[in-house]
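Remarks on the overall topology
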Amino acid sequence: MLRSISKGTSVYRGYLGKSLIKNTVFTRSIILGADGKPVSNKSKTDENVKNPQLIGLDGKPIVPPQPFTLADREKTEKLNEKLTNSENLTIILKNMIKTVGPISIANFMKQCLVNTEYGYYTTRNPLDTKTGDFITSPEISSTFGEICGLWFFSTFLNQLRYQATFNRENFKIKEKVFRIIEFGPGKGTLMNDMIRTLNKFIKNSNPIEIVFIEKSDVLINEQYKKLCDIEASKLEKIDQFTYKSISRWGNEITWLKDDKPELLNTANNDKYMNFVMAHEFYDALPMNRFTKTENGWREYLVDIRPDAKKDSLLPNVTTIKNNEKSKKFDSEFVVVKAPYATPSCAIPKTTPRYDNLPIGSDIEISPESHSYIYEMAKIVQSNEIGAGLVIDYGTTTIPINSLRGIKDHKFVNPLSEVGEVDLSIDVDFSSLSEILKDLKFETYVTEQGDFLNSMGLGYRIDQLMSKFVDNEEMKKKLSSSYKRLTGKGLGDMGKIYKVLGYYDSRYKDITPSGFTTSENELKK
């Protein structure tokens, strides 16, 4: 409470902000009545006393701040079925911001990618050869999936050899089921090539089952068509979160729309040896971006900026050259730095890796990625034998400023045409590796090109080329795909994609196939 006393006996009591205090004459404040005239002791009336006013330096009455009411809130918009999906999602995002203020980049990404009605992944097949916006390694060559399948088989043999040596009496291999679980399986191409390979080596000794963790009904149908004989095996809906079918090789397939599947962790699943695959899964998970200031960590948020043409805090992006198409990539959103500490600013404080960085440092952290790696680790450790692979676009250092938008195989403003542009970030492989180590896992990280070559991809390509001695077009295609997957030049995947392999630390004395480069070497 602020008390201002005039030379007379009149007293004004009320709350004033700092800006009002600076402009107020306290040595001789004058109280005005409702009629605008000074109120004296003799002339006070009940009406004047009820409505006093305080005069500022400019001689004008100062009005104390009024409380915020719902009527002051910016009006929200309604969805319209005549609008496009992107326009309706824009309305949803703008309404969120109008209601609660600027939102986190993580929240923005989640709405753009997996909004149930208008999200990028929930409304289309992003890998469609005609309408898709990007291409992945399994789509470039079937040899990629074959190599991944061979890695799981090799790891299985190494761990089986260990069990036969140190746990022969307790480990009953003939009672076990080899279960391969893929998070975010896309069209199912990778699994198709892995299971085709694994069936050749394991199926006769141990049953192989497939589990897909997939939210999109569109992609579930694509995976079903890719792996199953649709005439012989129907896609059976068990409940709203579960589907089942049989692959064309006789493998049982289960689809789980729940991305944190307790089904895989229950005690009655002791018979399963779990092998987990995550290819280009983590790069689509939401992240938060922070900067370290003299006042502590501050978060970058997404706000409405109707006149913004591009986000100055994002790297330069290439828009479609056609002028008319370029216009639709002018975003109605922009990234801004919060002037205050948001609740998420507690995240960088949790580990010295972030909190010890100097002032001015920008970082990106994906808490959802941490949640998923915990889930995958739990699945792998649920039995004596198991392992996991993560292959993705990423880095072994802390990611900064990595949010990308991809449309028609080009980089575009990631804040533009929401729900129609794929969003991607750099995966923090060191962070995932450190979490796994804390959970008693052995981890190995290397570049995709080194991994594939170490696993024998070059020999496999030579083997295939020998079958097409007189087919120059096919040989050129095989050579081109090999270079794209393993090369380290501009446009190649061999360096920018990383591979993380992990399994329980009981197998610490086993060196896995495919990993010849240490994490420390990658950080140089």
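Residues numbered from 1 in each chain as written. Predicted model: local features only at pLDDT ≥ 70, side-chain atom pairs only at ≥ 80, totals over all residues. Heavy atoms only, no water.

Across its full length, the chain holds 16 helices and 23 strands. By residue count, 52% of the 524 residues in the chain fall in the buried class. Within the chain, counting contacts between residues at least 6 apart in sequence, those at least 24 apart form 72% of the total. Accessible area for the chain stands at about 26,600 Å²; split by element, carbon and sulfur atoms hold 51% of it. (Helix = DSSP H or I, 4+ residues; strand = E, 2+ residues; numbered from the N terminus. Buried < 20%, exposed > 50% of the residue type's maximum accessible area, 1.4 Å probe, protein only. Contact = heavy atoms within 4.5 Å. Areas by Shrake-Rupley, 256 points an atom, 1.4 Å probe, with all protein chains shown as cover.)

Residue position: Asn158 is located in helix H6 (residues 142-166). A polar side-chain atom of Asn158 sits 3.1 Å from a polar atom in the side chain of Arg161. Sequence-distant contacts of Asn158, that is, excluding residues within four places in its chain, are made with Ile510 and Thr511. (Polar contact = N/O pair within 3.5 Å; in protein donor to acceptor, adjacent residues only side chain to side chain.)

With that settled, the discussion passes to the pairing of strand S18 (residues 404-407). Taking every second residue as pointing to the same face, both faces of S18 are buried, with Arg404 and Ile406 on one and Gly405 and Lys407 on the other. Pairing of S18 with strand S20 (residues 422-424), which is carried by three bridges, proceeds in the antiparallel orientation. Pairing of Gly405 across the sheet is with Leu423, part of S20. As paired elements, S18 and strand S19 (residues 410-412) share three bridges and run antiparallel to each other. In the strand pairing of S19, Gly405 is matched with Val412. Between S18 and S19, which pair antiparallel and follow one another directly, the connecting turn spans two residues, one of which, Asp408, has a positive phi of 55°. (Pairing = 2+ DSSP bridges.)

In the predicted model, the chain carries a mean pLDDT of 83, and 77% of its residues have values of at least 70. Taken as a whole, residues 308-329 scores under 50 in pLDDT and shows 50 contacts with residues more than four places along the chain or in a different chain. (pLDDT = per-residue confidence, 0-100.)

With that settled, consider the packing of helix H11 (residues 367-380) against helix H12 (residues 429-438). As a packed pair, H11 and H12 sit with axes 10 Å apart at the nearest point and diverge in direction by 40°. Here H11 is positioned oblique relative to H12, judged by the angle of their axes. The two elements H11 and H12 cross, and the hand of that crossing is right-handed. Across from Ser369, His370, Ile373, Tyr374 and Ala377 in H11, the residues of H12 making contact are Ser431, Leu432, Ile435 and Leu436. Of the residues in the contact of H11 with H12, the class split is six nonpolar, three polar and no charged. (Axes fitted to C-alpha atoms, helices over the stretch in contact; angles between N-to-C directions. Parallel < 35°, antiparallel > 145°, perpendicular 65-115°, else oblique. Left-handed = near helix turned anticlockwise from the far one by under 90°. Nonpolar A, V, L, I, M, F, W, Y, C, P; charged D, E, K, R; others polar.)

With that out of the way, let us pick up the packing of aromatic side chains. With the rule as written, the count across this model stands at 22 aromatic pairs. Judged by centre distance (5.4 Å) and plane angle (85°), the ring pair of Phe281 and Tyr282 falls under edge-to-face. Look at Phe281 and you get buried, because its relative accessible area is 13%. When its relative accessible area of 0% is taken as the criterion, Tyr282 is described as buried. In this structure, Arg179 is placed above the aromatic ring of Tyr272, and the distance from its NZ or CZ to the ring centre is 3.7 Å. (Phe/Tyr/Trp six-rings, centres within 6.5 Å; stacked < 30°, edge-to-face > 60°. Lys NZ or Arg CZ within 6 Å of the ring centre and 35° of its normal.)

Moving on: the pairing of strand S23 (residues 497-504). Extensive coverage of S23 is indicated by the burial of eight of its eight residues. Pairing between strand S17 (residues 386-395) and S23: six bridges, direction antiparallel. Opposite Asp392, over in S23, you have Lys498 as the bridge partner.

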